[in-house]
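Chains, contacts and geometry: an overview
Take a look at the letters that make up each chain.
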Amino acid sequence: MTEKEKMLNNYLLRIALNLDISETMREKAETSYRAVGQWLGDCDDDSEVKIMPQGSFYLGTVIRPVSDADEYDIDLVCLLKNAKYKSEAEIKNIVGNRLKEHKTYDKMLQKEGKRCWTLCYDEFHMDILPCVPNDSFYSEPYFTEIKLTHKLDNGSYIAKYSNPYKYHEWFEKRMETQTIEIRKAFAAKNNVEIDKVPSYKIKTPLQQAVQLLKRHRDIMYDKLPEARKKNAPISIIITTLAALAYNNESNLYDALNSIVSKMENYIEKDGDTYKILNPVMQEENFADKWNMEPAKANEFFCWLQCVKNEIITEPLNAQGVHILTGNLETCFGKNIVQRSIKDEGEAIKTARENKSLYVSGLKGGLQTSSTNTAKKVGGHTFFGK
């Protein structure tokens, strides 16, 4: 990496850290979904309920909302283990009716969604997906395919299929090498056993890259008319293509550079039909709406080109930190970037005070870790006027 790339990597790391969900908010969400799970599980129905997270909360790629007025999105699966032979309408309404029986949840419950029931909390909303096993029974890690319900505009229900457990397993496999290395480093630094390191404490370059890409999308489409906003790239497509393009790069800048240059290669096209197949369930095409609404495909490629220019090309060509800061604010938002730049400055100041600040070469940038070519920077006394 060049010194400019190292500096950009440090800033991107700080931004990803500031985008991540706070530990306090994580605990609130986990406490809330366990309470919901207990209420649903204690119903008189003989369905035997299992509640589990899915989506970005499960994958470790959740990000802060663009506006403080917006909410975090927490996705849950509500699996009715013994309700396989019930109709789609019954599956959906077992969960909805049980939530309505709770005095508090009934007030928090939004209008029924196409697939989910949504509970609105103060700082997040919880999308609860009713489903049943698609196999004769549900048993991790082998029999994990689920059948969910999809409500059509005419009020009828049809079956859809998914496998959140296997997708999570696949996603983790895509970053396994870096997960092991980062877990070892965390355990050594904090003097704990490797298997005792909580998963949420580990963040790989792939997870951080997905967070930055989703944030760029949110910032970009927040400024655009509703006609374009409704066609913004969806998270499952960004996440899947990023994971396919990731090659266990050990730093965030290299991971992002590799991902944005390669992710288009994993989009299949047969005539006018786009395919981005679920890697664990080939019959599910994440790009199926692209084929019904071509504007969605056009927006994806437009967004991807903006990502290449705004996250990679323009920051590398920026002359001066103020220009670089402006570039990053365009990508990720002013408040997040300014907070991240300040955090990086504080880290350098602390490293200098602790005599652990290094410079690489005559034209190199400052860094807080030692390398073979880096020399320690002397401390300042700041005497004089």
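The text that follows walks through the structure, step by step, so that each part is easy to find. Remember, it's a predicted structure, so these values are computed and weren't measured experimentally. (Residues numbered from 1 in each chain as written. Predicted model: local features only at pLDDT ≥ 70, side-chain atom pairs only at ≥ 80, totals over all residues. Heavy atoms only, no water.)

When its secondary structure is counted, the protein shows 15 helices and 13 strands. Taking 21 Å as the expected radius of gyration for a compact globule of 385 residues, we find that the protein reaches 23 Å, a close match to that expectation. Projected onto its principal axes, the C-alpha positions of the protein cover 80 × 50 × 40 Å. Counting the 385 residues in the protein, one finds 45% classified as buried. (Helix = DSSP H or I, 4+ residues; strand = E, 2+ residues; numbered from the N terminus. Rg over C-alpha atoms; globule rule 2.2 N^0.38 Å. Buried < 20%, exposed > 50% of the residue type's maximum accessible area, 1.4 Å probe, protein only.)

Moving on, we come to the packing of helix 2 (residues 23-41) against helix 4 (residues 88-101). Look at helix 2 against helix 4: their axes get within 10 Å of each other, and the N-to-C directions meet at 105°. If you check the angle between helix 2 and helix 4, you find them roughly perpendicular. Contact residues: helix 2 offers Val36, Trp39 and Leu40, while helix 4 offers Val95, Arg98, Leu99 and Glu101. Residue classes in the contact of helix 2 with helix 4 are distributed as five nonpolar, no polar and two charged. (Axes fitted to C-alpha atoms, helices over the stretch in contact; angles between N-to-C directions. Parallel < 35°, antiparallel > 145°, perpendicular 65-115°, else oblique. Contact = heavy atoms within 4.5 Å. Nonpolar A, V, L, I, M, F, W, Y, C, P; charged D, E, K, R; others polar.)

Attention now moves to the packing of helix 11 (residues 252-262) against helix 13 (residues 294-317). Two quantities define a packed helix pair, namely the angle between the helix axes and the distance between the axes. The geometry of helix 11 relative to helix 13 is characterised by a closest axis approach of 10 Å and an angle of 145° between their N-to-C directions. Where helix 11 crosses over helix 13, the two elements pack in a sense that is left-handed. Contacts between helix 11 and helix 13 involve Tyr253, Leu256, Asn257, Val260 and Ser261 from the former and Leu304, Val307, Lys308, Ile311, Ile312 and Leu316 from the latter. A breakdown of the residues in the contact of helix 11 with helix 13 according to their chemical character gives eight nonpolar, two polar and one charged. (Left-handed = near helix turned anticlockwise from the far one by under 90°.)

Along the chain, Gln110 turns up in the loop between helix 5 (103-108) and strand 3 (117-120). Since its relative accessible area comes to 41%, Gln110 is described here as partly exposed. Each C-alpha atom of the pair Gln110 and Asp127 lies 9.9 Å from the other, and the pair is 17 residues apart in sequence. For Gln110, the residues in contact, after removing those within four places along its chain, are Thr118 and Cys120.

What follows is about the side chain of Thr239. Position of Thr239 among the secondary structure elements: in helix 10 (residues 235-245). The buried category is assigned to Thr239, whose relative accessible area is 3%. A polar contact of 2.8 Å, which involves the side chain of Thr239, links it to the backbone oxygen of Ser235. The contact partners of Thr239, leaving out residues within four places of it in the chain, are Leu59, Tyr167, Phe171 and Val210. (Polar contact = N/O pair within 3.5 Å; in protein donor to acceptor, adjacent residues only side chain to side chain.)

This next bit is on a negative patch on the surface. Taken together, Asp70, Glu71, Asp122 and Asp222 make up a surface patch of like negative charges. As for its placement among the helices and strands, Glu71 is situated in the loop between helix 3 (55-59) and strand 2 (72-80). Residue class for Glu71 comes out partly exposed when judged on its relative accessible area of 30%. (Patch = residues over 30% accessible without salt bridge, like charges linked within 9 Å, V, L, I, M, F, W, Y side chains within 5 Å. Areas by Shrake-Rupley, 256 points an atom, 1.4 Å probe, with all protein chains shown as cover. Salt bridge = Lys/Arg side-chain N within 4 Å of Asp/Glu carboxyl O. Lys, Arg positive; Asp, Glu negative; His and termini not counted. Charge placed at Lys NZ, Arg CZ, Asp CG, Glu CD.)

Take the environment of Lys289 next. Within the fold, Lys289 resides in helix 12 (residues 288-292). What makes Lys289 partly exposed here is its relative accessible area of 48%. C-alpha of Lys289 to C-alpha of Tyr274: the two residues are 15 residues apart in sequence and 9.2 Å apart in space.

Residues Phe137, Tyr142 and Phe143 make up a contiguous nonpolar surface patch of roughly 360 Å² in combined accessible area. The residue Phe143 is located in the loop between strand 4 (124-133) and strand 5 (146-151) in this model. Judged by its relative accessible area of 36%, Phe143 falls in the partly exposed class.

Quick reminder: α-helices carry 3.6 residues per turn. Residues three or four places apart thus point the same way. Between its first and last C-alpha, helix 13 extends 34 Å over 24 residues, near the 34 Å set by a 1.5 Å rise per residue. At Asn309, helix 13 shows its strongest bend, of approximately 30°. Those residues of helix 13 lying buried are Lys296, Ala297, Glu299, Phe300, Trp303, Leu304, Cys306, Val307, Glu310, Ile311, Ile312 and Pro315. (Expected span 1.5 Å × (residues − 1). Bend = angle between axes of the 7 residues up to and from the residue.)

With six bridges joining them, strand 5 and strand 6 (residues 157-162) adopt antiparallel strand pairing. Paired with His150 across the bridge in strand 6 is Ile158. Remark: five residues form the turn of the hairpin made by strand 5 and strand 6, two consecutive strands paired antiparallel; Gly155 in that turn has positive phi of roughly 95°. (Pairing = 2+ DSSP bridges.)

To continue, consider the pattern of salt bridges. Charged atoms that come close allow side chains of opposite charge to pair. Within the structure shown, the criterion is met by 18 salt bridges. With a closest N to O distance of 3.2 Å, Lys201 and Glu23 form a salt bridge. Here Lys201 is found in the loop between helix 7 (176-190) and helix 8 (205-222), whereas its partner Glu23 is found in helix 2, with 178 residues between them in sequence. Here Glu88 ties to Lys147 by a salt bridge, and the two come within 3.5 Å at their closest N and O atoms. You can see Glu88 sitting in helix 4 and its partner Lys147 sitting in strand 5, a full 59 residues away along the chain. In this structure Lys147 comes out as buried when scored by relative accessible area, which is 13%.

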